[in-house]
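Structural characterization, general
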Amino acid sequence: ACTGIENIDEAITLLEQNNWDLVAAINGVIPQENGILQSEYGVETLHGPAYGPASHSTAASSTPSSSSAFRHVVPSRQIVERQPRMLDFRVEYRDRNVDVVLEDSSTVGDIKHILENELQIPASKMLLKGWKTGDVDDSTVLKSLHLPKNNSLYVLTPDLPPPSSSHSGALQESLNQNFMLIVTHREVQREYNLNFSGSSTIQEVKRNVYDLTSIPVRHQLWEGWPPSATDDSMTLAVSGVTFPCHRLTVGRRSSPVQTREQSEEQCTDVHMVSDSDGDDFEDATEFGVDDGEMFGVASSALRKSPMMPENAENEGDALLQFTAEFSSRYGDCHPVYFIGSLEAAFQEAFYGKARDRKLLAIYLHHDESVLTNVFCSQMLCAESIVSYLSQNFITWAWDMTKEANRARFLTMCTRHFGSVVAQTIRTQKTDQFPLFLIIMGKRSSNEVLNVIQGNTTVDELMMRLMAAMEIFSAQQQEDIKDEDEREARENVKREQDEAYRISLEADRAKREAQEREMAEQFRLEQIRKEQEEEREAIRLSLEQSLPPEPKEESTESVSKLRIRTPSGEFFERRFLASSKLQVVFDFVASKGYPWEEYKLLGTFPRRDVTQLDPNKSLLEVKLYPQETLFLEAKE
């Protein structure tokens, strides 16, 4: 606005030459003689209050036809000639790093020629990668790529054979791997899961994080990088980060405040500020004036990025841009906006347990309202408001500046709140924005408790938020009571169902045990029957195989045996004296006393007949002419 420089590269070069001192950079560009600055309506001294809000209003009032205290001055090329901008490149090839410094008027091919001498690789075999602007060719001028001062590139040589060492092979494998970096934004307590290839540099990671958090690289304060990651030009493959996942934390570095002496010394050197403190330039927003207004240009003209893209397909992506743009405009102390659709915000606020439910605050932004900057900077960014909202509300935001986004929100509003609320918002004039809607979820519908317009104060906003909380707290207590009673009933029902289930389990177990017992008894009975049948078959077989009992008048020698059973019964039989002892054993077994289970004992002398040779005759074992024997079960 002061210098008329519209080329961003030229502006950045001048700022870098002056160590990013804005006052010194402007002072070096604007034509001046003996500490004076040429004005459109004469000559003004620069030692008076030439800058700041006060001087701006004074100059504007003294010259009605001018809207600024300064005219646009095109710098004279005889006074300020643009010096060539130098670009630094750190080029990585396998296990080597090559530093290249070139003017921005050079081409990509010039870099390859320098690398050809350093790496001894033909330029035609090189693929130079790492450009942020997509594919480039050798004729591309570096200035057209709008590169920062420091850049990191890497060389690929697919047509050349790889080195034989195992280290180079491992490095190449690491370069091809994908690393997940879990980056936590400390101020807003939000995590981002970012995927990078092993060939990506630390600088590229920091630039991507800048896109997400709006924290410039030079203001980023990191935690979690390995000790070996000492250079931003290092690739992730060689930096020592953990594969496949590594956690990092990023925050905004607090900038040092200039001392009064430093500011006064700087003012004396550049002849561009008044005798007052240099701190006036350090943060003009504290006085209700942003950087654009300080130089006589409306802040909306300096902000090129809209708060929200028009016709965004995904509400979550639109809210991400809204949050990033809000942070860049008004600082990091602001409400934590819910990232997601309005339906998802309803779910988060209204459909959890009664104790966990919150009010839903919907912030409707409008860039064309004169109240927006004051409301955002002084109301929404006040620490008391931010703290109260974070504790008691789910905050969701939408930008109503673009007509397509406005129509989309009104459609959502009609669907969720009804046509009356949608008509109320539709009839709001631009200067009545921004709006703050307080929504409370009820059993059957969502109720809009309050619509807060932008022309309010911090105290009034806090009182209306607290009043909404009182209404919500009363409703929440009823919901908690109902929920507790419902849970108690459900617990009783669950306990009854559990007792019934246990009873069924016990009955089923008892029935199964009885069935098993009956089956076992049946099995044993079957075995017993089979054994008895087998015994009976053996007994009948033995009985049939016995020789006929000799008659008393037989002329052959006959032995008469009397046998006593364990139960006290007796049975008698006559045998030929020449019969073998086995015939006696078979006879006893045919009566149900097998000799494998019973012993046959003699009386005088007492002896175990079953131990004698069964092939001997009764005469030989002295069981002739008669003998009394008794049966005894074996142990």
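Everything here concerns the structure above.
One structure accompanies this document, and this report is about it. These figures come from a predicted structure and were not determined experimentally.

With that out of the way, let us pick up the overall build of the protein chain. Regarding its fold elements, the protein chain presents 18 helices and 20 strands. With 635 residues in all, the protein chain has 40% of them scored as buried. For the protein chain, the share of sequence-separated contacts (at least 6 apart) that also reach a separation of at least 24 residues comes to 64%. Only carbon and sulfur atoms are counted for the fraction: they give 50% of the accessible area of the protein chain, which is about 36,100 Å².

Here the focus is the pairing of strand β17 (residues 570-576). What you see with β17 is a clean split: Phe-571, Arg-573 and Phe-575 sit on the buried side and Phe-570, Glu-572, Arg-574 and Leu-576 on the side with no burial. With seven bridges connecting them, strand β16 (residues 558-564) and β17 associate as antiparallel partners. Bridge pairing links Ile-563 to Phe-571 in β17. What sits between the antiparallel neighbours β16 and β17 is a turn of five residues, in which Gly-568 has the positive phi angle 100°.

Moving on to helix α15 (residues 403-417). Under the 1.5 Å per step criterion, the end-to-end length of α15 is 20 Å for 15 residues, consistent within 8% with the ideal 21 Å. Within α15 the residues assigned to the buried category are Asn-405, Arg-406, Phe-409, Leu-410, Met-412, Cys-413, His-416 and Phe-417. The arc enclosing the buried residues of α15, seen along the axis, measures out at 165°, which places them on a common side. Of the residues in α15, the exposed ones pointing more than 90 degrees away from the buried face are Glu-403 and Arg-415.

Attention shifts here to the packing of aromatic side chains. Inspection of every chain in the model, using the stated rule, returns 21 aromatic pairs. Ring centres of Phe-89 and Trp-131 lie 6.2 Å apart, and the angle between their planes is 65°; on these two criteria the pair is classed as edge-to-face. Of this pair, Phe-89 sits in strand β4 (residues 86-93) while Trp-131 sits in the loop between β6 (127-129) and β7 (150-156); the two residues are 42 residues apart in sequence, bridging distant segments of the chain. Looking at Trp-131, the relative accessible area reads 11%, which means it is buried.

Before going further, it helps to spend a moment on the pairing of β16. Side chains of β16 alternate between two faces, with Ser-559, Leu-561 and Ile-563 buried and Val-558, Lys-560, Arg-562 and Arg-564 left unburied. Taken together, the five bridges between β16 and strand β20 (residues 626-633) define a ladder with parallel strand orientation. Following the sheet pairing, Ile-563 is matched in β20 by Leu-629.

We now examine the sheet that holds β16. Pairing in this open sheet of five strands is mixed, and the strands run β17-β16-β20-β18-β19 from one edge to the other. Because the sheet does not close on itself, it has two edges, and the strands there are β17 and β19 (607-608). In this sheet, β19 lies alongside strand β18 (residues 598-602) in antiparallel orientation, the contact comprising two bridges. Its bridge partner being in β19, Gly-602 is matched across the sheet by Arg-607.

Moving on: the pattern of salt bridges. Under the criterion given, the structure shown has 30 salt bridges. Here Arg-247 and Glu-191 are joined by a salt bridge, their closest N and O atoms 3.0 Å apart. In this pair, Arg-247 is assigned in strand β11 (residues 245-252) and Glu-191 in strand β9 (residues 190-197), connecting sequence segments 56 residues apart. The shortest N-O distance in the salt bridge between Lys-353 and Glu-487 comes to 3.3 Å. Placement of the pair is Lys-353 in the loop between α12 (342-350) and β12 (359-365) and Glu-487 in helix α17 (residues 458-545), with a sequence separation of 134 residues. Using a relative accessible area of 49% as the deciding quantity, one classes Lys-353 as partly exposed. According to the relative accessible area criterion, Glu-487 is partly exposed, its value standing at 28%. What emerges from the salt-bridge pattern is a single network uniting Arg-90, Asp-99 and Asp-231.

About the criteria used
In every chain, residue numbers begin from 1 and rise along the written sequence. Where totals are concerned, whole chains, interfaces and linings use all residues; where local detail is concerned, this predicted model gives features only for residues with pLDDT of at least 70, and gives and counts side-chain atom pairs only at 80 or more. Hydrogens and waters are ignored; side-chain quantities use all the structure's heavy atoms. Labels follow the DSSP assignment, with helices taken as runs of H or I lasting at least four residues and strands as runs of E lasting at least two, numbered in each case from the N terminus. Three exposure classes are used, based on accessible area relative to the maximum for each residue type with a 1.4 Å probe and protein chains only: buried under 20%, partly exposed in between, and exposed over 50%. Contacts: residue pairs with any heavy atoms within 4.5 Å of one another. Surface exposure here means Shrake-Rupley accessible area, sampled with a 1.4 Å probe, where a residue is shielded only by the protein chains that are shown. Between any two strands, at least two bridges found by DSSP are needed for them to pair. Given the number of residues in a helix, its expected span is that number minus one, multiplied by 1.5 Å. As used here, the arc belongs to the directions running from the helix axis to the C-beta atoms. Put simply, two rings from Phe, Tyr or Trp (the six-membered ring, in Trp's case) pair if the centres are within 6.5 Å, and we call them stacked under 30 degrees between planes, edge-to-face over 60, tilted for the rest. Salt bridge, as applied in this entry: a Lys or Arg side-chain nitrogen positioned within 4 Å of an Asp or Glu carboxyl oxygen.

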